[in-house]
Structures are given as structure tokens and as C-alpha cells.
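Listed below are the residues making up each chain.
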Amino acid sequence: MELRKINTQDAFAQWEYTTALPAEENGLTNPYNGVSYDEYVEKVLPELISYEHPVNMPEWFVPETYYYLWDDGHLVGEFRIRHYLTQALRTGAGHIGYSILKGVRGKGYGTEGLRLTVMIAKDIIPEDEIYLRVNKDNIASQKVMKKNGARLAGEDETHLFMRIAK
């Protein structure tokens, strides 16, 4: 298994993955559900790549890098690292967001993908801990986070706030 940073060489597989994700699932929103391949290559892909080193973004925007988890030539998951926290992210989505292809969930991809992502995030983020948020009803993702050393740091009505020490 390997994580690959978003890139133009893997555009077709990234497009298939991104556009197949629901518009909203388990707290992850996807505004690109259903976009055409041409729109993805011409507009979405350059935009997502630019998020790592953003220019002319709103003040609240935080640099974010997309990675894709590959296994034996198949793209099976997406992981996003937000480079630092704003107050909204500190009590919200945190540093890392991820999804696993529906047909391959429950096979360890989330656990391994998060492990690889945390290794990269430790070199990017300035905070002492990696912040994650998970829906209370998303038991599978809670297990993934715990297998990667996460501890419960708080909760609200619908979310658990998890932390992984750097």
C-alpha cells in the first residue's frame, strides 16, 4: 500500500474516486460528486492541487494537501491533511479528513491509510497533537483512529474529538 499526493498522472482514477463519493457521508462533504471528467481535469484537479500552496484564498482558508491510498494499482481511499488549525478547525474537522471506497471498507485500508497519513502530518503540522473529529455513529472510523493511537479529547452532540500525539 502507498499514499500518493494528488497529481495529474493519476487524474482518471482520482476523478473516478472523487466523483463517486456521495455529496455528504459520515461528516465528509464532497462538492465534486458527479462532475464530468473534463471539468475535473480542467477545473477541480488544479484547484485541489493548489490548496497545498494557496494563493488569493479567503482569510479563513488553511492549506490542505490531498493524498490517495493505493493498493495493488487500485485507488482505495482519500486522505486530506490541513496544515494547521484555525479556531473553527480546532473545534471542528481538525487536521485530517478521510474516506475509503465503499466496496473495500472493513479490510484495514482506513487503519493503514491513517497510519501513513499521520506519519506525513507529523512533519507538516505545528501543533503538538493531530486533531481528528468523527461522528458518534461512525464506529468503524472511531476504531481506525484508536488503532492509530487516538484518544478521546472531548465531544459535542454529534461528534467525538480525537487526538493523536505527535
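The structure contained in this document is the topic of the report that follows. Just so it is clear, the model here is predicted, and its values are computed rather than measured. (Residues numbered from 1 in each chain as written. Predicted model: local features only at pLDDT ≥ 70, side-chain atom pairs only at ≥ 80, totals over all residues. Heavy atoms only, no water.)

**Description of unusual backbone geometry**
Then, in step 1: Within the chain, Asn 56 stands out as a residue other than glycine whose phi angle is a positive 55 degrees.
Then, in step 2: Mapped onto the elements of the fold, Asn 56 is located in the loop between helix 2 (37–50) and strand 4 (64–71).
Then, in step 3: Given a relative accessible area of 79%, Asn 56 falls into the exposed group.
Then, in step 4: One non-glycine residue, Asp 72, adopts positive backbone phi at about 50 degrees.
Then, in step 5: Relative to the assigned elements, Asp 72 resides in the loop between strand 4 and strand 5 (74–82). (Helix = DSSP H or I, 4+ residues; strand = E, 2+ residues; numbered from the N terminus. Buried < 20%, exposed > 50% of the residue type's maximum accessible area, 1.4 Å probe, protein only.)

**With respect to the environment of Leu 114**
Then, in step 1: Along the chain, Leu 114 falls in helix 4 (residues 109–124).
Then, in step 2: Linking Leu 114 and Val 35, residues 79 residues apart in sequence, is a C-alpha distance of 27 Å.
Then, in step 3: In contact with Leu 114, other than residues within four places in its own chain, are Phe 79, Ile 96, Tyr 98, Leu 132, Val 144, Met 145 and Asn 148. (Contact = heavy atoms within 4.5 Å.)

**What about a nonpolar patch on the surface?**
Then, in step 1: Taken together, the side chains of Phe 12, Tyr 37 and Val 41 define a hydrophobic patch exposed on the protein surface, amounting to about 250 Å² of accessible area.
Then, in step 2: Position of Val 41 relative to the elements: it lies in helix 2.
Then, in step 3: By relative accessible area, Val 41 is classed as partly exposed at 33%. (Patch = residues over 30% accessible without salt bridge, like charges linked within 9 Å, V, L, I, M, F, W, Y side chains within 5 Å. Areas by Shrake-Rupley, 256 points an atom, 1.4 Å probe, with all protein chains shown as cover. Salt bridge = Lys/Arg side-chain N within 4 Å of Asp/Glu carboxyl O.)

**Let's talk about the pairing of strand 5**
Taken residue by residue, a regular strand's side chains alternate between the two faces of the sheet.
Then, in step 1: Of all nine residues that make up strand 5, eight are buried, and the element is covered over most of its length.
Then, in step 2: Hairpin geometry of strand 4 and strand 5 is characterised by an intervening segment of two residues between the two adjacent antiparallel strands and by a positive phi of about 50 degrees at Asp 72.
Then, in step 3: Bridge count for strand 5 against strand 6 (residues 96–100) is five bridges, and the pairing is antiparallel. Among the inter-strand pairings, Gly 77 is bridged to a residue of strand 6, identified as Ile 100. (Pairing = 2+ DSSP bridges.)

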